[in-house]
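# Structural characterization, general
One letter stands for each residue in the lines below.
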Amino acid sequence: MIGLAAVLFIVGPLVVLVVTAATRPDVTTNPRPPASSASDGPTGSTSPTSYSTYSGTPDPFPDDPPVPTTYAQVHQILESSPLYSQRLAATQCQIPDVDLASASTREIETHLNKYVSCLMAAWDTPVRSAGFSLPHPSVTVYTTEVTSPCGDLPMQNAIYCSADQQIYYAKDLASVFPRNHSLRLVGEAVIAHEFAHAVQYRTMILMSAAALEAIATTEPEEFDLSRRLEMQADCFAGVFLNSISDSAGLSTADRQRVLDLFTTLGGTVPYDDDHGTGANRAYWTSQGLGSLRLQTCTTFTAPADRVS
């Protein structure tokens, strides 16, 4: 369920839970990776004349975000947040090949923290333009189960912790990634999803969903809200990856690899959990990969079968 303390990446309730990866379906069942278009992609057919860049550093003591004060505001935020009218610009980001399965803890942490600067470059202006602020989170890579401000963190997981507004990444998370292809961009897609939870938290989306969950009377209602939140984070991750498509050199294979990841780590039974089926998680990621417009990611108004 939706918790303000911790938001996990993959499967299970939004409390700390060890990941269990679903059986990986055939690649042919995944959405076709979208290509950038002149109207919706980062650059169209030509390279941009300039990229969004960012030079800030992590904020270890971020301020508190605004909170919704009425249920009318809660519904307004979820359904028509000012964030949804924004778009990400083409963003400068080079992603070196780092084997997250074999790199040292320090190498992974350095790599992922540099990558978060790319995320800040893409997201800072749209969030501020929507009327909010976005502190720069750090990534901490842990090697054993640890205690954080959000409680005990298991291995094989990644988490955005709203208690301190930082990101935590288990060094062994690569062990649950799809096995039969390169790991390029897979770990980075996980961090993009976790960073999307930071965006949701700072723009009142996460807290608005939590407010509705607090008055939900059945578990299916709670699961529905959680799935909508998680699939929006999948979609936001896709939009970000599209924004760095040119500068990071994302290929069709890279895009398919990201879709494989979200398909693999989703569930197999519709409406059965709080993160959603692999097919729908891949669908929303695909929607994001084909756009720079955040309106693409309005999962809170999507039909129930699209967020099952």
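Residues numbered from 1 in each chain as written. Predicted model: local features only at pLDDT ≥ 70, side-chain atom pairs only at ≥ 80, totals over all residues. Heavy atoms only, no water.

### Quick look at the pairing of strand β6 (residues 166-170)
Here is the rule: Type-normalised accessible area, obtained with a 1.4 Å probe on protein chains alone, sets the label of each residue: buried when under 20%, exposed when over 50%, and partly exposed for intermediate values. Think of it this way: any DSSP run of H or I at least four residues long counts as a helix, any run of E at least two long counts as a strand, and we number them from the N terminus. Pairing between two strands is assigned when DSSP locates at least 2 bridges connecting them.
For β6, the tally of buried residues reaches 5 of 5 residues, placing the bulk of the element in the interior. Residues of β6 alternate between two faces, with Gln-166, Tyr-168 and Ala-170 on one and Ile-167 and Tyr-169 on the opposite face, all of them buried. Note: strand β2 (residues 139-142) against β6, 4 bridges, orientation parallel. Residue pairing in the sheet places Val-141 in a bridge with Tyr-169 of β6.

### Quick look at the confidence of the model for the protein
Here is the rule we go by: pLDDT gives the predictor's per-residue confidence on a scale running from 0 to 100. The contact rule is simple, with two residues in contact once any of their heavy atoms fall within 4.5 Å.
With 83% of its residues at a pLDDT of 70 or more, the protein has an overall mean of 86. Overall, residues 8-32 carries pLDDT values under 50, and its contacts beyond four positions in sequence, including any with other chains, amount to 91 contacts.

### Digging into the pattern of salt bridges
Here is the rule: Think of a salt bridge as a Lys or Arg side-chain nitrogen and an Asp or Glu carboxyl oxygen that are within 4 Å of each other.
Summed over all chains, the structure comprises 7 salt bridges. Close ionic contact of Asp-234 with Arg-281 constitutes a salt bridge, the shortest N to O distance being 2.8 Å. With Asp-234 in helix α5 (residues 219-243) and Arg-281 in helix α8 (residues 278-289), this pair connects stretches of sequence that are 47 residues apart. Under the relative-accessibility criterion, Asp-234 is labelled buried at 0%. For Arg-281, a relative accessible area of 0% corresponds to the buried category. Its salt-bridge partner being Arg-257, residue Asp-254 comes within 2.7 Å of it at the nearest N-O pair. Note that Asp-254 and Arg-257 are positioned in helix α7 (residues 252-264) at a spacing of 3 residues, about one turn of the helix.

### Quick look at the side chain of Thr-91
The test is simple: Between N or O atoms, a polar contact is any pair within 3.5 Å; within protein, one atom must be a potential hydrogen donor and the other a potential acceptor, and residues adjacent in sequence are included only when both atoms are from side chains.
When you line up the elements, Thr-91 lands in the loop between α1 (71-80) and α2 (105-129). There is a polar contact of 2.9 Å between the side chain of Thr-91 and the backbone oxygen of Ala-89. Among all residues touching Thr-91, those that are not within four sequence positions of it are Tyr-51, Ser-52, Cys-118, Ala-121, Ala-122, Ser-243, Ile-244 and Ser-247.

### Brief notes about the nonpolar core
It is characteristic of soluble globular proteins that their nonpolar side chains tend to be buried jointly. Stated precisely, the cut-off is as follows: We call a set of buried Ala, Val, Leu, Ile, Met, Phe, Trp, Tyr and Cys residues a nonpolar core when their side-chain atoms join them within 4.5 Å.
Of all hydrophobic cores here, the largest spans 76 residues; its most connected members are Trp-123, Tyr-169 and Phe-240. If we ignore the near neighbours within four places in the chain, the residues touching Phe-240 are Leu-88, Tyr-115, Cys-118, Leu-119, Ala-122, Trp-123 and Ala-192. Core analysis: the next-biggest nonpolar cluster, separate from the first, contains 8 residues, Cys-150, Met-155, Ile-159 and Cys-161 among them.

### Comments concerning the packing of α5 against α8
In a packed pair of helices, the relevant descriptors are the angle between the two axes and the axis-to-axis distance. Quick note on the threshold: The axes are straight lines fitted to the C-alpha atoms, using for helices just the contacting stretch, and the angles between their N-to-C directions are given from 0 to 180°. Should the near helix be turned counterclockwise from the far one by less than a right angle, the crossing is left-handed, whereas a clockwise turn marks it as right-handed. Ten residues, namely Ala, Val, Leu, Ile, Met, Phe, Trp, Tyr, Cys and Pro, are considered nonpolar, four, namely Asp, Glu, Lys and Arg, are considered charged, and the remaining ones, Gly among them, are considered polar.
Between α5 and α8, the shortest axis-to-axis distance is 6 Å and the interhelical angle comes to 35 degrees. In this structure, α5 crosses over α8, and the sense of that crossing is right-handed. Listed contacts from α8 to Met-231, Asp-234, Cys-235, Gly-238, Val-239, Leu-241 and Asn-242 of α5 are Asn-280, Arg-281, Trp-284, Thr-285, Gln-287, Gly-288 and Leu-289. Counted by class, the contact of α5 with α8 contains 6 nonpolar, 6 polar and 2 charged residues.

### Let's talk about the state of the cysteines
Spelled out, the test is: Cysteine sulfur atoms are paired as a disulfide whenever they fall within 2.5 Å.
Following the criterion strictly, the structure yields 3 disulfides and no others. With its sulfur 1.9 Å from that of its partner, Cys-150 forms a disulfide with Cys-161. Because the torsion about its S-S bond is 95 degrees, the bridge between Cys-150 and Cys-161 counts as right-handed. You can see Cys-150 sitting in the loop between β3 (146-148) and β4 (151-153) and its partner Cys-161 sitting in strand β5 (residues 158-161), a full 11 residues away along the chain. Taken as a pair, Cys-150 and Cys-161 share a single burial class, namely buried. Two residues, Cys-235 and Cys-297, share a disulfide whose sulfurs are 2.1 Å apart. The sign of the -75 degrees torsion about the S-S bond sets the Cys-235-Cys-297 disulfide as left-handed. Residue Cys-235 is found in helix α5, and its partner Cys-297 is found in the segment after α8; the two are separated by 62 residues along the sequence. Residue Cys-235 is classed as buried on the basis of its relative accessible area, which comes to 0%. Classification of Cys-297 by relative accessible area gives buried; the value is 0%. Here the disulfide map of the protein reads 1-2, 3-4, 5-6, the bonded cysteines being numbered as they appear in the sequence.

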